[in-house]
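Letter by letter, the chains look like this.
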Amino acid sequence: TKTKVTYKLDKGTLTVSGKGEMPKKMTFKENKKIKKVVIKNGITSIPKYAFSNCKKLKKVTIGTNVNSIGKRTFYRCSKLRTIKVKTSKLTGSRVGKQAFKGLNKKAVIKVPKKQLKAYKRLFRAKGVGKKVTIKK
């Protein structure tokens, strides 16, 4: 199958749209200007290390069709304070180790209402600190 993924960087906002998976070797470590990431509904997976060490990243929106997040995807994003998860397809085997380790201690993760209990357990196991708030 062919996949098409488009990236648009505008004023510190990276918008990922299209169909299928993001390329497995893609990283945005070098781009220090990214402050906001929006992963649109057509994207199905986020590769490992994609946004690790993005020190300026503050806000992330994960679309409804994302069913896997690679290891250390948001690792050491120390200013990341808002994550909005729209998908309800994530499971323990589909989220990599330390995917959310090193977030800001005052971060807030918003998840779908029906997934609140399961996602609290999942995100804590994948590196989210005890002081981080996970809510519906």
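Structural data are supplied above this passage.
Below is a summary of the structure that appears in this document.

Definitions and limits used
- Residues numbered from 1 in each chain as written.
- Predicted model: local features only at pLDDT ≥ 70, side-chain atom pairs only at ≥ 80, totals over all residues.
- Heavy atoms only, no water.
- Helix = DSSP H or I, 4+ residues; strand = E, 2+ residues; numbered from the N terminus.
- Rg over C-alpha atoms; globule rule 2.2 N^0.38 Å.
- Buried < 20%, exposed > 50% of the residue type's maximum accessible area, 1.4 Å probe, protein only.
- Contact = heavy atoms within 4.5 Å.
- Areas by Shrake-Rupley, 256 points an atom, 1.4 Å probe, with all protein chains shown as cover.
- Core = buried A, V, L, I, M, F, W, Y, C linked by side-chain atoms within 4.5 Å.
- Patch = residues over 30% accessible without salt bridge, like charges linked within 9 Å, V, L, I, M, F, W, Y side chains within 5 Å.
- Salt bridge = Lys/Arg side-chain N within 4 Å of Asp/Glu carboxyl O.
- Lys, Arg positive; Asp, Glu negative; His and termini not counted.
- Charge placed at Lys NZ, Arg CZ, Asp CG, Glu CD.
- Phe/Tyr/Trp six-rings, centres within 6.5 Å; stacked < 30°, edge-to-face > 60°.

**A short note on the overall build of the protein**
Okay, so step 1: Tallying secondary structure elements over the protein gives one helix and nine strands in all.
Okay, so step 2: Across the protein, helices and strands are ordered from the amino to the carboxyl terminus as β-β-β-β-β-β-β-β-α-β.
Okay, so step 3: Compactness check: the protein gives a C-alpha radius of gyration of 14 Å against a globular reference of 14 Å for 136 residues, within 12% of the reference.
Okay, so step 4: Principal-axis analysis of the C-alpha atoms gives the protein an extent of 35 × 30 × 20 Å.
Okay, so step 5: A total of 136 residues make up the protein; the buried ones form 39% of that total.
Okay, so step 6: In the protein, 45% of the contacts between residues at least 6 apart in sequence involve partners at least 24 apart.
Okay, so step 7: On the protein, roughly 8,100 Å² of surface is accessible, and the fraction owed to carbon and sulfur atoms is 49%.

**Observations concerning the nonpolar core**
Okay, so step 1: With 35 residues, the main nonpolar core has Phe-51, Leu-57, Phe-100, Ile-109 and Phe-123 as its most contacted residues.
Okay, so step 2: Considering every element that reaches this core, the biggest residue donor is helix H1 (residues 116-125), with three residues.
Okay, so step 3: For Phe-123, the residues in contact, after removing those within four places along its chain, are Val-85, Leu-90, Phe-100, Ile-109, Val-111, Val-128 and Ile-134.

**Observations concerning a positive patch on the surface**
Okay, so step 1: There is a patch of like positive charges on the surface, built from Lys-8, Lys-36, Lys-40, Lys-59, Lys-84, Lys-86, Lys-110 and Lys-135.
Okay, so step 2: Tracing the backbone shows Lys-36 in strand E3 (residues 36-39).

**Brief notes about the packing of aromatic side chains**
Okay, so step 1: By the definition in use, this model includes four aromatic pairs.
Okay, so step 2: When the ring of Phe-74 is compared with that of Phe-100, the centres are 5.7 Å apart and the planes differ by 20 degrees; the resulting orientation is stacked. One end of the pair, Phe-74, is in the loop between strand E6 (68-69) and strand E7 (82-85); the other, Phe-100, is in the loop between E7 and strand E8 (108-110), with 26 residues separating them in the sequence.
Okay, so step 3: Residue classification places Phe-74 among the buried residues on the basis of a relative accessible area of 0%.
Okay, so step 4: A residue is classified by how much of its surface remains accessible, and Phe-100, at 1% relative accessible area, is buried.
Okay, so step 5: Residues Tyr-119 and Phe-123 carry aromatic rings whose centres are separated by 5.4 Å and whose planes lie at 50 degrees to one another, so their mutual orientation is tilted.

**Re unusual backbone geometry**
Okay, so step 1: You will see that Tyr-49, though not glycine, has its phi angle at about 60 degrees, which is positive.
Okay, so step 2: Among the secondary structure elements, Tyr-49 is positioned in the loop between strand E4 (43-46) and strand E5 (59-62).
Okay, so step 3: Of the residues examined, Tyr-49 reaches a relative accessible area of 29% and is grouped as partly exposed.

These values are about where atoms sit, not about what they do.
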